[in-house]
Amino acid sequence: MKKELILIYGGRSGEHEVSLRSAASVFNHLDKSRYDVTLMAVSKDGLWYVQDNPSDICGTLPVLMEKERLVSLLPMQGLSCRGEIIKPYAIFPLIHGTFGEDGTLQGLMEMCGFPYVGATTGGSYLGMDKEMAKIIWQHHQIDIIPFRTVRRYGYDGAARESIHEQLITELGLPLFVKPSTAGSSVGVSRVDSKEQLEAALLFALQFDTKAIVETAVKGKEVECSVIGNHETEAYTPGEVAPTHAFYDYEAKYLDPDGAALIIPADIEGETALELRSIARKAYEALDLRGFARVDFFVEESGRIILNEVNTIPGFTNISMFSMMCEVGGLPYPAMLDRLIELAREQYAERSALKFSLK
């Protein structure tokens, strides 16, 4: 008997269009002899709609927002559309960024009692909040980029100049400024002079109530795929060589020539082994589940500096996560099967817990 799988994609974040591409790629690689796949799109205004299952997809999925396609959630039972209840074997969330990757969607699925692929509510939040992730990694003595946090509250006209002076004194120039909890490269600016700092902070603080300010690091941008719940495996690292000023949103997802992707990464064998070990340590420190992509800088000296983690990385045709798994011996369809079974494993573990004394 086929297993009922729901792909949820789209969403309210600035990565909506990327999500449509990721979902198309996952749909194309799923073994249809094993799964009955229901496509479920979340519109930019947050409404859920069941979609058609196309036989042939080229690059992206549509979002059909017809009233009769609207979905109702039935906690502990399933999802309802057109009078039919869909009881999922697992839900595969492919919504990148805010309201998909930050723990909000995961919390909703926990409340409804649905098995889902990927990090839990808490792990998703920690992975999304760069400040909290860095604090935890520091506690675990993982080498990270020097940073400071600037909060919107208190960043007013009177305080700005002293804040700018302190940031440059402590971190130097150039700097990168980014929202603490926005998705991939959204709201990010490079700052090469003091005069650019205010505009960069105001830009980042449009997307979050706090911004991270980091020292710019010179080195190779290297990524590593990690899969697992309690027992984790890190796959062959890959290197990103951006053709843009830095690996921004356009280079990651929209421009097919935005970066050269080199797998395996052009680093020493011992460095690659150490990087895989640190990737697993960083993943486990945030108590992640299912899968994540862990991003690093590797300096010319061989020093490895942890950058960030992405708990729902891109699955598009120019995304690194699946390609690193493939080179590491785990083909795309088998990788998807593994993630779905990890979701069921996590669901069984959670279902065995008591939530009441009676």
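A brief report on the enclosed structure follows. Please read all numbers here as calculations on a predicted model, not as lab measurements.

## Remarks on the packing of aromatic side chains
The description of an aromatic ring pair rests on the distance of the ring centres and on the angle between the ring planes.
At step 1: Per the stated rule, a full pass over the model turns up 7 aromatic pairs.
At step 2: One aromatic cluster is present, formed by Phe92, Phe291, Phe315, Phe321 and Tyr332 through successive ring pairs.
At step 3: Here the basic side chain of Lys134 rests over the ring of Phe147, its NZ or CZ set 5.7 Å away from the ring centre.
At step 4: The ring of Tyr89 has Arg344 sitting right over it, with the charged end atom 4.4 Å from the ring centre.

## With respect to the packing of helix 1 (residues 16-29) against helix 10 (residues 332-351)
Think of two packed helices as two axes; the pair is described by the angle between the axes and how far apart they sit.
At step 1: Here helix 1 crosses helix 10 at 100 degrees, and the two axes come no closer than 9 Å. Put simply, helix 1 runs roughly perpendicular to helix 10. Listed contacts from helix 10 to Ser25, Val26 and His29 of helix 1 are Tyr332, Pro333 and Leu336.
At step 2: Grouping the amino acids of the contact of helix 1 with helix 10 by side-chain chemistry returns 4 nonpolar, 2 polar and no charged.

## What about the state of the cysteines?
At step 1: Following the criterion strictly, the structure yields 0 disulfides and no others.
At step 2: With no disulfide of its own, Cys81 lies closest to Cys112 among cysteine sulfurs, the gap being 16 Å.
At step 3: You can see Cys224 has no disulfide; the closest cysteine sulfur is in Cys325, sitting 8.8 Å from it.

## Some points on the sheet that holds strand 5 (residues 78-81)
At step 1: The sheet built from 3 strands is open, its strands ordered 4-5-6 with antiparallel pairing. The sheet is open, and its two borders are formed by strand 4 (72-74) and strand 6 (84-86), each paired with just one other strand. Across the sheet, the axes of successive neighbouring strands diverge by a mean angle of 30 degrees, strand direction being ignored.
At step 2: Two strands pair when backbone bridges link them, and strand 5 and strand 6 are joined in this way by 3 bridges, in the antiparallel orientation. Bridge pairing in strand 6 links Cys81 to Glu84.

## Some words on helix 3 (residues 121-128)
At step 1: Three or more residues of helix 3 are buried, namely Gly123, Ser124, Leu126, Gly127 and Met128.
At step 2: In this structure, the buried side of helix 3 is in contact with helix 2 (104-112), helix 4 (130-139) and strand 17 (304-310).

Rules used throughout
Residues numbered from 1 in each chain as written. Predicted model: local features only at pLDDT ≥ 70, side-chain atom pairs only at ≥ 80, totals over all residues. Heavy atoms only, no water. Phe/Tyr/Trp six-rings, centres within 6.5 Å; stacked < 30°, edge-to-face > 60°. Lys NZ or Arg CZ within 6 Å of the ring centre and 35° of its normal. Axes fitted to C-alpha atoms, helices over the stretch in contact; angles between N-to-C directions. Helix = DSSP H or I, 4+ residues; strand = E, 2+ residues; numbered from the N terminus. Parallel < 35°, antiparallel > 145°, perpendicular 65-115°, else oblique. Contact = heavy atoms within 4.5 Å. Nonpolar A, V, L, I, M, F, W, Y, C, P; charged D, E, K, R; others polar. Disulfide = S-S within 2.5 Å. Pairing = 2+ DSSP bridges. Buried < 20%, exposed > 50% of the residue type's maximum accessible area, 1.4 Å probe, protein only.

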